[in-house]
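Summary of structural features
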Amino acid sequence: MQRNEILSPIVWQAPVLSLLDQRLLPGEEKWVDCASVSAVIAAIKSMVVRGAPAIGITAAYGAVIALNEVRHTQEEIGRQNFAALMNELADARPTAVNLAWAVNSVNDLLTKHRWDDFPAALLALAQEIHQADVTANLCMGELGKDVMVAGQDNPFSVLTHCNTGSLATGGYGTALGVIRSVWASGMLDRVFADETRPWLQGSRLTAWELERDGIPVVLNTDSAAAWLMAKENIRWVVVGADRITANGDVANKIGTYSLAVLAKHHGVRFMVVAPSSTVDMALSSGQEIEIEERTADELTLIGGTRMAPEGIEVVNPVFDVTPASLIDVIVTERGIVESPTLAKMEALF
Ligand code: MRU
């Protein structure tokens, strides 16, 4: 796929950030224009934009907007207000480290520039983070494809979870990027896409992206995964990540951990694909990752219709942690880590 054919859900049209509204897909393709940092924060919280790399990129452009809001005052006050807005931006969602990573990159940049020079440098950084993500995805697509097809004589199927494509990134995708590259190599039979309860990223976004590309996709309930692994020609489960810790544990969309357990049982290999901006070497294990919990109505209401008794107690963690011991390979743009351990992660990062 050529770079200019890649869908991008994040478009900077100074001084506004336009985001493809992922809450409305696949029914409607509508863009949300964010002209203030509070609109950017609201868009991240409400999932107009979602997916770890995409929210990191959005935060970087959000910083550009924030700076425009605060810089027309005295420098000291401007700096204080900017720092407060950066904290608010970083707190919009807790699990995907790409968000905090982008905000930290912005704060680091500020230490290297005079206040007057900072706006131009910040815009360049946001654009660099955006472009670098697409470049990383294309690279991971090739690396992951080479690992997947090695030793395979015939086309095979893969199973994926959540949405890790152009919509979740700067473009092309992480796990979905690998799927795109395997399809281009002629070795992909079809993709089984978990619907991904409760937000349905699989059915609403992954199925939409793959159909647009003409890649054969079959939609299944999350609970069909074991049966499909037993019955179908599925050789790999391939997923993205929201945070990878120093020992190789992986936080990703709720249900990923179950898939890794099932894959082990069925002899299906398990691949995680994520850029280095998702790697958090400051945390020693997945136990330390804050797991976002979202509201009960994501479970109790479907399309506004009540599906559970009024007042029922609900638990809605939206990510889980897959232990490194269940992962066959982590693919990053810096290289691959097979059977991840602390020593192997340290060698690469
Ligand atoms: O809640 P979401 O939709 O932001 O969760 C997204 C995921 O869990 C993705 O798998 C992950 O961010 C990797 S995207 C390249």
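Criteria and cut-off values
- Residues numbered from 1 in each chain as written.
- Predicted model: local features only at pLDDT ≥ 70, side-chain atom pairs only at ≥ 80, totals over all residues.
- Heavy atoms only, no water.
- Helix = DSSP H or I, 4+ residues; strand = E, 2+ residues; numbered from the N terminus.
- Rg over C-alpha atoms; globule rule 2.2 N^0.38 Å.
- Contact = heavy atoms within 4.5 Å.
- Areas by Shrake-Rupley, 256 points an atom, 1.4 Å probe, with all protein chains shown as cover.
- Lys, Arg positive; Asp, Glu negative; His and termini not counted.
- Charge placed at Lys NZ, Arg CZ, Asp CG, Glu CD.
- Expected span 1.5 Å × (residues − 1).
- Buried < 20%, exposed > 50% of the residue type's maximum accessible area, 1.4 Å probe, protein only.
- Domains from an automatic or database assignment.
- Buried area = accessible area lost by both parts, 1.4 Å probe.
- Salt bridge = Lys/Arg side-chain N within 4 Å of Asp/Glu carboxyl O.
- Polar contact = N/O pair within 3.5 Å; in protein donor to acceptor, adjacent residues only side chain to side chain.
- Pairing = 2+ DSSP bridges.
- Axes fitted to C-alpha atoms, helices over the stretch in contact; angles between N-to-C directions.
- Near = heavy atom within 4 Å.
- Nonpolar A, V, L, I, M, F, W, Y, C, P; charged D, E, K, R; others polar.
- Parallel < 35°, antiparallel > 145°, perpendicular 65-115°, else oblique.
- Left-handed = near helix turned anticlockwise from the far one by under 90°.

What follows covers the overall build of the protein. Of regular secondary structure, the protein possesses 11 helices and 16 strands. Taking 20 Å as the expected radius of gyration for a compact globule of 349 residues, we find that the protein reaches 20 Å, a close match to that expectation. Dimensions of the protein, computed from the C-alpha atoms along their principal axes, are close to 65 × 50 × 40 Å. Taking all contacts inside the protein whose residues are at least 6 apart in sequence as the whole, residues at least 24 apart take part in 75%. Element-wise, carbon and sulfur atoms account for 51% of the exposed surface of the protein, whose accessible area totals about 14,500 Å². The distance from the centre of the 26 positive side-chain charges to the centre of the 42 negative ones in the protein is 2 Å.

We now examine helix H2 (residues 52-70). Spanning 19 residues, H2 covers 27 Å between terminal C-alpha atoms, matching the ideal 27 Å at 1.5 Å per step. Most of H2 sits inside the fold, with 17 of its 19 residues counted as buried.

Our focus in this paragraph is the domain arrangement of the protein. Domain annotation of the protein identifies domain 1 (10-132) and domain 2 (139-348). Measuring from the centre of the C-alpha atoms in domain 1 to the corresponding centre in domain 2 gives 26 Å. Between domain 1 and domain 2, the residue contacts involve 25 residues of the former and 28 residues of the latter. Across the interface of domain 1 and domain 2, roughly 2,200 Å² is buried in total on both sides, 56% from carbon and sulfur atoms. Area buried by domain 1 at its contact with domain 2 is led by Arg50, Thr95 and Val97, which between them contribute 28% of it. Along the contact surface separating domain 1 from domain 2 lie 1 salt bridge. Among the ionic pairs, Arg93 bridges to Glu292, the shortest N-O distance being 2.9 Å. Our enumeration of links across domain 1 and domain 2 arrives at 15 residue pairs in polar contact (both at pLDDT 80 or more). Going through the elements one at a time, H2 and helix H4 (97-111) are the ones with two or more residues in the side of domain 1 that touches domain 2.

Moving on to the sheet that holds strand S3 (residues 31-34). Spatially, the 3 strands line up as an open sheet ordered S1-S2-S3, and their pairing is antiparallel. With partners counted over all chains shown, the strands left at the sheet margins are strand S1 (10-13) and S3, one partner each. The mean inter-strand angle of the sheet, taken between neighbouring strand axes irrespective of direction, is 25 degrees. The strands touched by H2 are S1, strand S2 (16-20) and S3; relative to S1, the strand with the most contacts, the crossing angle is about 15 degrees.

A cis geometry characterises the amide bond from Leu25 onward to Pro26, with omega recorded as 5 degrees. Of note, Pro26 is situated in the loop between S2 and S3. Here the residue pair Arg197 and Pro198 is connected by a cis peptide bond, since its omega of 0 degrees sits within 30 degrees of zero. Structurally, the position occupied by Pro198 is in the loop between strand S5 (188-194) and helix H7 (201-213).

With that out of the way, let us pick up the site of the ligand. Surveying the vicinity of the ligand reveals 19 residues, the closest of which are Arg50, Gln201, Asp242, Asn252 and Lys253. In the model, an oxygen atom of the ligand is placed 2.8 Å from a nitrogen or oxygen of the Arg93 side chain. Between an oxygen atom of the ligand and a side-chain N or O atom of Asn252, the distance comes to 2.7 Å. Contributions of two or more residues to the shell around the ligand are made by H2 and strand S9 (250-253). For the shell around the ligand, the per-class residue count stands at 7 nonpolar, 8 polar and 4 charged.

The next thing to look at is the pairing of strand S15 (residues 329-332). Residue alternation in S15 divides its side chains into two sets, Val329 and Val331 and Ile330 and Thr332, and both sets are buried. As paired elements, strand S10 (residues 269-273) and S15 share 3 bridges and run parallel to each other. Of the residues in S15, the one forming a bridge with Val272 is Ile330. Bridge analysis of S15 against strand S16 (residues 335-338) gives 4 bridges, and the strand direction is antiparallel. Counted as the bridge partner of Thr332 is Gly335 from S16. What sits between the antiparallel neighbours S15 and S16 is a turn of 2 residues.

Below, the discussion takes up the packing of H2 against helix H5 (residues 118-149). Put simply, H2 and H5 touch, their axes get as near as 9 Å, and they point 165 degrees apart. In this view, H2 runs roughly antiparallel relative to H5, as classed from their interaxial angle. In this structure, H2 meets H5 at a crossing whose hand is left-handed. Residues Pro53, Ile57, Ala60, Tyr61, Ala63, Val64 and Leu67 of H2 form the contact with H5, whose participating residues are Phe118, Pro119, Leu122, Leu123, Ala126, Gln127, Ile129, His130 and Asp133. The residue inventory of the contact of H2 with H5, partitioned by class, reads 13 nonpolar, 2 polar and 1 charged.

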